[in-house]
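These are the residues of each chain, in order.
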Amino acid sequence: MDYYEVLGVSKGASQDEIKKAFHKLAHKYHPDKGGDEKKFKEINEAYQVLSDKQKRQQYDQYGRVFDGSEGFSAQGGPASGWNWAWGNRPQGEEVEFDMGDIGDVFEEFFGGGFGGARRSTKKDARKGKDIQVDLEITLERTLKESVEKINLTKQVVCNRCTGSGAEPDSKIKECFSCRGTGQVQQVKKTIFGSYTTVATCPECKGEGTIPEKPCNVCKGEGRTKGQETIEVQIPAGIDTNQVIRVDEKGEAGRKGAKAGNLFIRIFVKDHAIFERRGDDLFAETDINFSSAVLGDEIEIKTLDPSTGSGQGTILLQVPAGTESGKVFKISGKGIPHFGGYGTGSLYVELKVKTPKKLTREQKKLLDELKKQGL
């Protein structure tokens, strides 16, 4: 899906042009106005990426944002519950944030005013918050799919009321103030006359229902602070700053509402031997002077997903007369391509060693070579 094409704008469109295009399409396709719900979700997704400077920059650079069809379930294999996104926040502690907040736009669509009725947003207000965490992995872990466990302290569904907010066997009744609508009308008088506005019901906080007896544990919230361990499948080839989205694994919603999403930002540790550039690896290895002059077969280190440690070795044929700084390309010994087939290459730069301590016999031999013009 091309986000620019979805919004009908060019890649060089300004933020103002993107916002105007979104407003126009959202008005047209909003489900509550008889529009196409699927199309509206695509428009919303495109706007959330292109309206954010950093996300747009990453989208322009990588050319895609992965959706659920390319995700992975916790048990392995494709699943709509997994999605890919891009993140760009400095590494730090776990934080909470709201990825889907475009309330200002909908307020403009359905805002109140003279004679206007502001649309209820009780469903969004009850939805759990998104959570973002950072996960650091080794370079070896990027060679193949792996599973990581993440321990979260967050709002979880209340065990006593199972999210309803009411004591067990207690009924949930319709709010008397708003008659179950979640909204109340307010009449205001001004010098220009009276006008009516619609506001969120203060009694039920816009939910339309009230428990006869609020839960003793969560006090009617339907959620409490708790811990949860989540298994996250890390795909092969993932790189620093890529973000895995796990649907509905963020904060639990109030009174059984939909939970937020969990966003896991990946950081790949620096390696002592290899430097990663995209899907290619770069390394240096020392070689003896005699091996460089006469040619030799030397052993070099590699990353190997078939071994338990993720490291291996191969033999490299060094031709006679190899100079220091010569780079050899070894295909298929890099990092697997993320979301596709193939593997990057390993580039090895040979450094001819200059011995600092010589035996008497070695010095004698070098003197003879020197006399021979070498």
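Residues numbered from 1 in each chain as written. Predicted model: local features only at pLDDT ≥ 70, side-chain atom pairs only at ≥ 80, totals over all residues. Heavy atoms only, no water.

### Observations concerning the overall build of the chain
Next, step 1: Helix and strand counts for the chain come out as 8 helices and 17 strands.
Next, step 2: The buried share of the chain, reckoned over its 374 residues, is 39%.
Next, step 3: Sequence-distant contacts, at least 24 apart, represent 66% of the contacts inside the chain between residues at least 6 apart.
Next, step 4: As presented, the chain carries roughly 22400 Å² of accessible surface, and 47% of it is formed by carbon and sulfur atoms. (Helix = DSSP H or I, 4+ residues; strand = E, 2+ residues; numbered from the N terminus. Buried < 20%, exposed > 50% of the residue type's maximum accessible area, 1.4 Å probe, protein only. Contact = heavy atoms within 4.5 Å. Areas by Shrake-Rupley, 256 points an atom, 1.4 Å probe, with all protein chains shown as cover.)

### What to know about the packing of aromatic side chains
Next, step 1: In the structure shown here, the tally under the stated rule is 4 aromatic pairs.
Next, step 2: Between Phe282 and Tyr347, the ring centres sit 4.9 Å apart and the planes meet at 10°, which makes this aromatic pair stacked. Taken together, the residues Phe282 in strand E13 (residues 280–287) and Tyr347 in strand E17 (residues 346–352) connect sequence positions 65 residues apart.
Next, step 3: Residue Phe282 is classed as partly exposed on the basis of its relative accessible area, which comes to 22%.
Next, step 4: Taken together, the ring pairs connect Tyr3, Tyr4 and Tyr59 into an aromatic cluster.
Next, step 5: The cationic tip of Arg277 hangs over the ring face of Phe282; the distance from NZ or CZ to the ring centre is 3.9 Å. (Phe/Tyr/Trp six-rings, centres within 6.5 Å; stacked < 30°, edge-to-face > 60°. Lys NZ or Arg CZ within 6 Å of the ring centre and 35° of its normal.)

### Re the pattern of salt bridges
Next, step 1: Taken as a whole, this structure holds 16 salt bridges when the rule is applied.
Next, step 2: Look at the salt bridges and you will find they share partners, linking Glu207, Glu221, Arg223, Arg254 and Lys255 into a network. (Salt bridge = Lys/Arg side-chain N within 4 Å of Asp/Glu carboxyl O.)

### Things to note about the side chain of Gln233
Next, step 1: Examined against the element boundaries, Gln233 turns out to sit in strand E9 (residues 223–234).
Next, step 2: Exposure remark for Gln233: the relative accessible area of 7% places this residue in the buried category.
Next, step 3: In this structure the side chain of Gln233 is engaged in a polar contact, spanning 2.8 Å, whose partner is the side chain of Glu145. (Polar contact = N/O pair within 3.5 Å; in protein donor to acceptor, adjacent residues only side chain to side chain.)

### Quick look at the nonpolar core
Within soluble globular proteins, side chains that are nonpolar tend to cluster in buried spots.
Next, step 1: In this structure, Ile234, Ile244, Leu262, Ile264, Ile266 and Leu350 are the most contacted members of the largest nonpolar core, which totals 35 residues.
Next, step 2: Counting 18 residues, the second largest nonpolar core, distinct from the first, contains Ala21, Leu25, Phe40 and Tyr59. (Core = buried A, V, L, I, M, F, W, Y, C linked by side-chain atoms within 4.5 Å.)

### A few points about the confidence of the model for the chain
Next, step 1: Across the chain, pLDDT averages 81, with 82% of residues at or above 70.
Next, step 2: By mean pLDDT, strand E2 (residues 95–97) is the weakest element of the chain at 38, and strand E16 (residues 327–330) is the strongest at 97.
Next, step 3: When the criterion is pLDDT under 50, residues 65–123 qualifies, and its contacts beyond four places in sequence or with other chains add up to 152 contacts. (pLDDT = per-residue confidence, 0-100.)

### Considering unusual backbone geometry
Next, step 1: A positive phi is found at Asp169, a non-glycine position, where the angle reads about 70°.
Next, step 2: Within the secondary structure layout, Asp169 lies in the loop between strand E4 (146–157) and strand E5 (172–174).
Next, step 3: For Asn241, which is not a glycine, the phi torsion comes out positive at approximately 80°.
Next, step 4: With respect to the helices and strands, the residue Asn241 is situated in the loop between E9 and strand E10 (242–246).

### Some thoughts on the sheet that holds E17
Next, step 1: In spatial order, the strands read E12-E13-E17-E16; together these 4 strands make up an open sheet with mixed pairing. The sheet terminates laterally at strand E12 (275–277) and E16, the two strands that pair on one side only. Strand-to-strand, the axes of this sheet are offset by a mean angle of 30°, without reference to chain direction.
Next, step 2: Both E16 and E17 contribute to a ladder of 4 bridges, which runs antiparallel. Residue pairing in the sheet places Lys329 in a bridge with Tyr347 of E17. (Pairing = 2+ DSSP bridges. Axes fitted to C-alpha atoms, helices over the stretch in contact; angles between N-to-C directions.)

### Topic: helix H3 (residues 37–50)
Next, step 1: The end-to-end C-alpha distance of H3, which contains 14 residues, comes to 20 Å, matching closely the 20 Å that a straight helix rising 1.5 Å per residue would cover.
Next, step 2: Within H3, burial applies to Phe40, Ile43, Asn44, Ala46, Tyr47, Val49 and Leu50.
Next, step 3: The opening residue of H3 is Asp36, an N-cap whose side-chain oxygen sits 2.9 Å from the backbone nitrogen of Lys38. (Expected span 1.5 Å × (residues − 1).)

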